[in-house]
Amino acid sequence: MKIKIISLILLTGMTTSSYAMSIYNKDGNTLDIYGRVEGKIASGENSYAGSETRTNLGGRLGIYLTRDLDFIPETKIVGRLEWQVRTEKNDSNTGDSDLKARYSYIGLSNKTWGELIVGRTKNPLYQVMKMTDKYKNFTPNIYSYGITTIDDSYQFNRQDGTVQWNAKFAGNEIQLAWVAGNGSSNEALDYGAMASYRNTLRLGDFRLTPAIAASRYKRQDGVKTTDGRNQNDQIMAGLQLSYKNVEAAVTALRTSIARDNKSDNDFKGMDSLLSWKYGKFKFLTGYSFLDEKDKSVYEKEDWRVETQITLADDTWLSFTYDKAFANKNQKVNDDALIVGLRYDF
């Protein structure tokens, strides 16, 4: 869909909801539009600015559609298309495209049995990752670094060709995914499988949330990959504790990459978060590391702190400081200072 068409729809009549802009809701059919606009100023070697001070503008745009099915009780067709929007001439997030797909799937959603979707979906491992994914300005957390940077043989997040089941039973959240295709690396993938479980226990103002997730990606025989990598196994777990306006979380992962005629390339890591909300202010801090087996220096180690100011509903002004102590098994002393303004709709 062209940006001009979407803009015309927005101008001709829209109502707002807490989730998105509800464009159409009639006769069992719904259409919502949502997105994000964010601008950042950054400085420091541990940021995208390097040794300079630079600005960055980012944007996202998505549509979510549903249609009730009369012949299957309490069931509807659901579909989502979400893009990274080209906001600058040299936008590294979109390359040469004006729109780059983040999510694209269609499926069935049942009130009791959950949803079964097919396409480019959100990684089931995110049930653990989101415990520490609370910052408004991007910071190089270990959960993302461990999945996407250690092994780039496959897509590990927003992966293509996925059949995924998401369900929630009495507070138990279950996600299972089978990856049958993998974008540009489709010819190299034998199969990929992911699973996760999450639950929240409540006692008065206390909330305790444990989660666990695992994945396996296997290369087809006879296909050449970086360093002879033929199988990637990951397991991660997390624990989150909340009490009123205070929240603490810790996640840990173990990754093992099997290689042809070489020993396994093993990693372990952790990410942590402590936050406190006071009125319109929220203060967050966290420490993380990624340790490669038989290396004397961490693959990645950093600490970060952020202050978020809520200016209006879904609108934040954020100040982030990040300090890196290790990067790619080398000791560093790099930092980053980021100021960001973000609006989600």
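In case you missed it, the structure is sitting above this.
Everything numeric here is computed off the predicted structure, so don't read it as measured data. (Residues numbered from 1 in each chain as written. Predicted model: local features only at pLDDT ≥ 70, side-chain atom pairs only at ≥ 80, totals over all residues. Heavy atoms only, no water.)

Turning next to the overall build of the chain. A count of helices and strands for the chain gives three helices and 19 strands. For the chain, the residues scored as buried account for 45% of the 345 residues in total. Sequence-distant contacts, at least 24 apart, represent 52% of the contacts inside the chain between residues at least 6 apart. Summed over all atoms, the accessible surface of the chain reaches about 18,400 Å², with 55% contributed by carbon and sulfur. (Helix = DSSP H or I, 4+ residues; strand = E, 2+ residues; numbered from the N terminus. Buried < 20%, exposed > 50% of the residue type's maximum accessible area, 1.4 Å probe, protein only. Contact = heavy atoms within 4.5 Å. Areas by Shrake-Rupley, 256 points an atom, 1.4 Å probe, with all protein chains shown as cover.)

With the rule as written, the count across this model stands at eleven aromatic pairs. Consider the rings of W165 and F169, whose centres lie 6.2 Å apart with planes at 45°: the pair is tilted. By relative accessible area, which is 27% here, W165 ends up partly exposed. Taken together, a centroid distance of 6.4 Å and an interplanar angle of 45° make the contact between Y287 and F289 tilted. Here the aromatic cluster, defined as three or more aromatic residues joined through ring pairs, consists of W276, Y278, F281 and F283. One Lys or Arg, K136, reaches over the ring of W316 and ends 3.8 Å from the middle of that ring. R158 extends its terminal NZ or CZ atom over the ring of Y103, reaching a point 5.9 Å from the ring centre. (Phe/Tyr/Trp six-rings, centres within 6.5 Å; stacked < 30°, edge-to-face > 60°. Lys NZ or Arg CZ within 6 Å of the ring centre and 35° of its normal.)

Turning next to the side chain of S196. Of note, S196 is situated in strand 10 (residues 189-199). Reaching out from S196, the side chain makes a polar contact with the side chain of Q127 at a distance of 2.9 Å. Residues in contact with S196, not counting those within four places in the same chain, are P124, Q127, E173, I174, Q175, I212 and A213. (Polar contact = N/O pair within 3.5 Å; in protein donor to acceptor, adjacent residues only side chain to side chain.)

So, about the pattern of salt bridges. With the rule as written, the count across this model stands at eleven salt bridges. In this structure, the salt-bridge partner of D302 is R304, at a minimum N-O distance of 3.0 Å. Residue class for R304 comes out buried when judged on its relative accessible area of 0%. The shortest N-O distance in the salt bridge between R342 and D344 comes to 3.0 Å. Residue R342 shares its accessibility class with D344, and that shared class is buried. The network of salt bridges with common partners includes D271, D302, R304 and D322. (Salt bridge = Lys/Arg side-chain N within 4 Å of Asp/Glu carboxyl O.)

All right, on to a nonpolar patch on the surface then. A cluster of nonpolar side chains, L201, L203, F206, L208, L239, L241, Y243 and V250, forms an exposed patch at the surface whose accessible area comes to about 730 Å². Put simply, the parts of the chain that give the nonpolar patch at least two residues each are strand 11 (201-203), strand 12 (206-219) and strand 13 (229-243). Here L201 shows up in strand 11. Exposure remark for L201: the relative accessible area of 48% places this residue in the partly exposed category. (Patch = residues over 30% accessible without salt bridge, like charges linked within 9 Å, V, L, I, M, F, W, Y side chains within 5 Å.)

Sheet topology places strand 17 (residues 300-312) next to strand 18 (residues 315-327); twelve bridges connect them, and they run antiparallel. Its bridge partner lying in strand 18, E301 is registered against A326. Hairpin connection of strand 17 to strand 18: two residues between the antiparallel strands, including D314 at a positive phi of 60°. Between strand 18 and the antiparallel strand that follows it, strand 19 (residues 330-344), lie two residues; K328 among them carries a positive phi value of about 55°. (Pairing = 2+ DSSP bridges.)

Quick look at the side chain of Q234 now. The residue Q234 is located in strand 13 in this model. On the basis of relative accessibility, which here comes to 5%, the residue Q234 falls in the buried class. A polar atom in the side chain of Q234 sits 3.2 Å from the side chain of T255.

A separate point is unusual backbone geometry. Positive phi, normally seen in glycine, also occurs at N261, with a value near 55°. With respect to the secondary-structure elements, N261 resides in the loop between strand 14 (246-259) and strand 15 (262-278). For N261, a relative accessible area of 83% gives the class exposed.

In this structure, strand 9 (residues 172-179) lies alongside strand 10, joined through eight bridges in antiparallel fashion. Within the sheet, the bridge partner assigned to V179 lies in strand 10 and is G192.

Attention shifts here to the nonpolar core. Among the nonpolar cores identified, the biggest contains 20 residues, and L125, M194, Y217 and M236 are the most heavily contacted of them. Looking at this core, the elements with two or more residues in it are helix 2 (126-129), strand 9, strand 10, strand 12 and strand 14. With seven residues, the next largest nonpolar core counts M21, I23, L31 and I33 among its residues. (Core = buried A, V, L, I, M, F, W, Y, C linked by side-chain atoms within 4.5 Å.)

Taken by themselves, the reported measurements are silent on function.
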